[in-house]
Amino acid sequence: MTDHPTDSHTIERYEATGGYEQASRTIGMTRDELVEEIKTSGLLGRGGAAFSTGLKWSFLAPARPAYLVINGDESEPGTFKDRQLLERDPHQMLEGVIIAAVANEVHHAFIYIRGEYAKPARRIQAAVDAAYARGYLGAGIFGSGFDLEVVVHLGAGAYICGEETALINSLEGLRGEPRLKPPYFPAAKGLYMQPTIVNNVETVSNLPHILAMGAKSFTEVGHPLDTGTFMLSVSGHVKRPGNYEVPHGITWRDLIYEIGGGIPGDRELKAWIPGGASSPWFVPEIHLDDQITKDICAEAGSMLGSGAVIVMDDTTCMVRASERIVRFFAHESCGQCTPCREGTTWLEMILRRIEDGQGRAVDLDLLLDVSDNISVGLGWPPKMTTICPLGPSAVSPILALRDYFRGEVDSHVELGGCPLKPVEAHA
Amino acid sequence: MSQWSEATEERAREIISRYPQKRSAVMPLLYLAMAEAGHLTNEGMEEVARWVGITPAQVHAVASFYTMYKREPTGRYLISCCTSITCMLLGGDDILHAVEDESGVPHGETDAHGLLSVEHVECIGACGGAPAVQVNYELIEGVTPERARDLVRWLNGARPEVINGDEMQELFGGVRSFDWAIKEADGAVGPYPAFQPLGTVGSESDA
């Protein structure tokens, strides 16, 4: 998905490499055929929840009109893969949009791009314009009787709109607050209370490839339970940060030391965040040789989430890193649910006072107590006291402090300050 | 009584026509209102309310939910410094301090001339090129504190008409998340994203 010539964003280049052939081919196919093909491929959603795309499609209620919404609200800290797919290969995603629309008998699709992604949004709009001009979008696409309108919708700075029901509210011109599920499963009661499919940018970017190579061949790539390649955004203390398209099943050691080039200055690896800021952390002593798949990650008490791997070396203060992640969730909480709205704010304040040297010996227990009010039992996957998973996500770094870095919290309290000086910006 | 230019009104009509329900046009229309007045004024929100047929209070409720709708006067150049986890790990806090110090504008504030606003923001999806900064939502990756100071001096001195991401990246940037490859000709002209929904084609015009 990421092999990009410099003009990969143009429709001419995309067509020269076989672009839109698969979308055009879907016109003659039935909904059942297409849903079955995607089910067979084993494709799991790449937005964070890793749910079967084919299954999701099959749940779409029969009422019409139905809508297709592409989630390009990529905002999970550490994640920048969709940005690359949108900027460098917008037609690949747009072909996926057409395939998904035909498969689900949808005539109106919305591409929701986060507000800070002005450039990716421009690229996608240009691609949409080019596809309209070619007759691949609009009335009677590819000369058929099938109409498809596509609207690019720009967000305005709210992480929570990446949650699919919040995104739908946002598209309806409301505050981006998540809806209760049930009853508001998008497949039954989504946009304008009509059946709606919400798929991530990377997910639909896979669709042309699945149709081109055949679902069976797609299952031969990657891990049997987690098929195909996927994008990992690797950042933090690695020599070669970037987006890497890898098959499921390589190990964390391969990723951090081979692909990522290891830790700058050959310092020690202290911990990494395996799937975006929402995911519980991993440490080298336990997890370095685990394979990177959804199931193995879940067994180890975390998730691959959005594929954002944030690497932290031994100069990193874990209290400070936790505070920064919790601050994010406190800022992005939509405010509907008390445990999240109040809990994330308190977690942030307690972590800040520990980092600033005002911590007390009981503060770790207090952090765990507040966390337990947001995510009862502090298990994984979290038991929710909230409408959406944002609140429980803020608890992930607290679990790392409890399980791996208790001593570091204690030494902050004993020293009355941070034992690790923050690093200077790189030159 | 409308206060919007004819071109803006035409665009508002086009945008509304693209959605199955008028209310869905609130967000793009709020951006139009910002572009008209430089920031989101009460009058702008009332205008949006009239266009989509809801109350000004309902529009206000939406506008206040999202960080990019600036309801206070905002500088011609909005400098957004990322201090989320990856940028923090690689010195993002130092970038923010350098920008604040060089501009004399603390985060969340605007200078006396209405030229520069400074804010710290959560993750802007540039972690492979951390630490990162945006000016009017155009990205610079791989910034250093010294380059951040240069950026502030450049904005104050050169006062570019259009904020172009490629130009800024070349002048002030370093390591990038990925190869950008494609040069862009234009860019942003105010503290709101340089994006026109609809582009040139609507469903009717390509028939």
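What you see is a predicted model, and the numbers here were worked out from it, not measured in a lab.

Draft legend 1. Quick look at the overall build of chain A. Counting its secondary structure elements, chain A contains 19 helices and 10 strands. Compactness check: chain A gives a C-alpha radius of gyration of 22 Å against a globular reference of 22 Å for 427 residues, within 12% of the reference. Taking the principal axes of the C-alpha coordinates as reference, chain A spans close to 75 × 45 × 35 Å. Across the 427 residues of chain A, 60% fall into the buried class. When contacts within chain A are restricted to residue pairs at least 6 apart in sequence, long-range pairs at least 24 apart make up 71% of them.

Draft legend 2. Molecular detail of the overall build of chain B. Scanning chain B for helices and strands turns up eight helices and five strands. Tracing chain B from N to C terminus, the helices and strands come up as α-α-α-α-β-α-α-β-β-β-β-α-α. Relative to the 2.2 N^0.38 estimate, which gives 17 Å for 207 residues, the radius of gyration of chain B is 18 Å and therefore close to what a compact globule would have. In terms of overall dimensions, chain B has a C-alpha envelope of 50 × 40 × 30 Å along the principal axes. Looking at chain B residue by residue over its 207 residues, the buried ones come to 53%. Sequence separation of 24 or more characterises 64% of the internal contacts of chain B that already satisfy a separation of 6 or more.

Draft legend 3. Inspection of the domain arrangement of chain B at higher detail. Each assigned domain of chain B is listed with its residue range as follows: domain 1 (6–63) and domain 2 (77–172). Between the C-alpha centres of domain 1 of chain B and domain 2 of chain B there is a distance of 29 Å.

Draft legend 4. Structural context of the domain arrangement of chain A. Residue and element names in this part refer to chain A. Assigned domains within chain A: domain 1 (11–219), domain 2 (222–313) and domain 3 (318–415). A separation of 35 Å is found between the C-alpha centroids of domain 1 and domain 3. Taken together, the contact pairs nine residues of domain 1 with eight residues of domain 3. Grouping the constituent residues of the side of domain 1 that touches domain 3 by class yields six nonpolar, one polar and two charged.

Draft legend 5. Geometry of the sheet that holds strand β1 (residues 77–82) of chain B. Residue and element names in this part refer to chain B. Taken together, five strands build an open sheet; the order of strands is β2-β3-β1-β4-β5 and the sheet is mixed. In the strand order of this sheet, the two ends are held by β2 (109–110) and β5 (138–140), each with one partner. Bridge count between strand β4 (residues 133–135) and β5: three bridges; the pairing is antiparallel. What sits directly across from V135, in β5, is E138. Most of the contacts of helix α6 (residues 92–103) go to β1, to which it runs at about 150 degrees, and overall it touches β1, β3 (116–121) and β4.

Draft legend 6. Focus on the interface of chain B and chain A. On the side of chain A, 64 residues touch chain B, which itself brings 57 residues to the contact. A per-element tally of the side of chain B that touches chain A places helix α5 (residues 85–89) of chain B first, with four residues. The class makeup of the residues in the side of chain B that touches chain A is 36 nonpolar, 15 polar and six charged.

Draft legend 7. Fine view of helix α3 (residues 42–52) of chain B. Residues and elements named next belong to chain B. Every buried residue of α3 is listed here: G44, M45, E47, V48, W51 and V52. When α3 is viewed along its axis, its buried side chains cluster within an angular range of 155 degrees and face the same direction. Packed against the buried residues of α3 are α1 (6–17), α2 (26–37) and α4 (56–63). Taken from the residues just after α3, G53 is the one with a positive phi, measuring 75 degrees.

Draft legend 8. Focus on the packing of helix α14 (residues 318–332) of chain A against helix α15 (residues 338–355) of chain A. Residue and element names in this part refer to chain A. Where α14 meets α15, the closest approach of the two axes is 9 Å, and the angle between their N-to-C directions is 155 degrees. The angle between α14 and α15 places the two elements in the roughly antiparallel class. Considering the relative orientation of α14 and α15, their crossing is left-handed. Only T344, T345, L347, E348, L351, R352, I354 and E355 of α15 make contact with α14, whose side of the interface consists of V319, R320, S322, E323, V326, R327, F329 and A330. When the residues that make up the contact of α14 with α15 are grouped by side-chain class, the tally is seven nonpolar, three polar and six charged.

Draft legend 9. Summary view of the pairing of strand β7 (residues 229–236) of chain A. Residues and elements named next belong to chain A. By the criterion of burial, β7 is predominantly enclosed, with seven of the eight residues buried. When β7 meets strand β8 (residues 242–247), the two strands line up antiparallel, connected through six bridges. Residue pairing for β8: S233 is matched across the bridge by N243. The hairpin turn running from β7 into β8, its antiparallel successor, is five residues long. Two strands pair when backbone bridges link them, and β7 and strand β10 (residues 308–313) are joined in this way by four bridges, in the parallel orientation.

Draft legend 10. Here's a closer look at unusual backbone geometry. With an omega dihedral of -5 degrees, the bond running from W380(A) to P381(A) counts as a cis peptide bond. Residue position: P381(A) is located in the loop between α16 (363–374) and α17 (390–393). With an omega dihedral of -5 degrees, the bond running from A130(B) to P131(B) counts as a cis peptide bond. Residue A50(A) is not a glycine yet carries a positive backbone phi of 55 degrees. Note that A50(A) resides in the loop between α3 (31–41) and α4 (53–58).

Draft legend 11. Geometry of the pairing of β3(B). All names here are of chain B. Buried residues dominate β3, accounting for five of its six residues. Of the strand pairs in this sheet, β1 and β3 are connected by six bridges, and their pairing is parallel. Note that in β3 the partner of Y77 across the bridge is L116. The pairing of β2 with β3 spans two bridges and is antiparallel. Each residue of the ladder has a partner; that of E109, found in β3, is V118. Taking the residues between adjacent antiparallel strands as the criterion, β2 and β3 are bridged by five residues, where G114 takes a positive phi near 70 degrees.

Cut-offs used in this document
- Residues numbered from 1 in each chain as written.
- Chains lettered and ligands numbered in written order.
- Predicted model: local features only at pLDDT ≥ 70, side-chain atom pairs only at ≥ 80, totals over all residues.
- Helix = DSSP H or I, 4+ residues; strand = E, 2+ residues; numbered from the N terminus.
- Rg over C-alpha atoms; globule rule 2.2 N^0.38 Å.
- Buried ≥ 20, exposed ≤ 12 C-beta atoms within 10 Å, placed from the backbone.
- Contact = placed C-beta atoms within 7 Å.
- Domains from an automatic or database assignment.
- Nonpolar A, V, L, I, M, F, W, Y, C, P; charged D, E, K, R; others polar.
- Pairing = 2+ DSSP bridges.
- Axes fitted to C-alpha atoms, helices over the stretch in contact; angles between N-to-C directions.
- Arc of directions from axis to C-beta.
- Parallel < 35°, antiparallel > 145°, perpendicular 65-115°, else oblique.
- Left-handed = near helix turned anticlockwise from the far one by under 90°.

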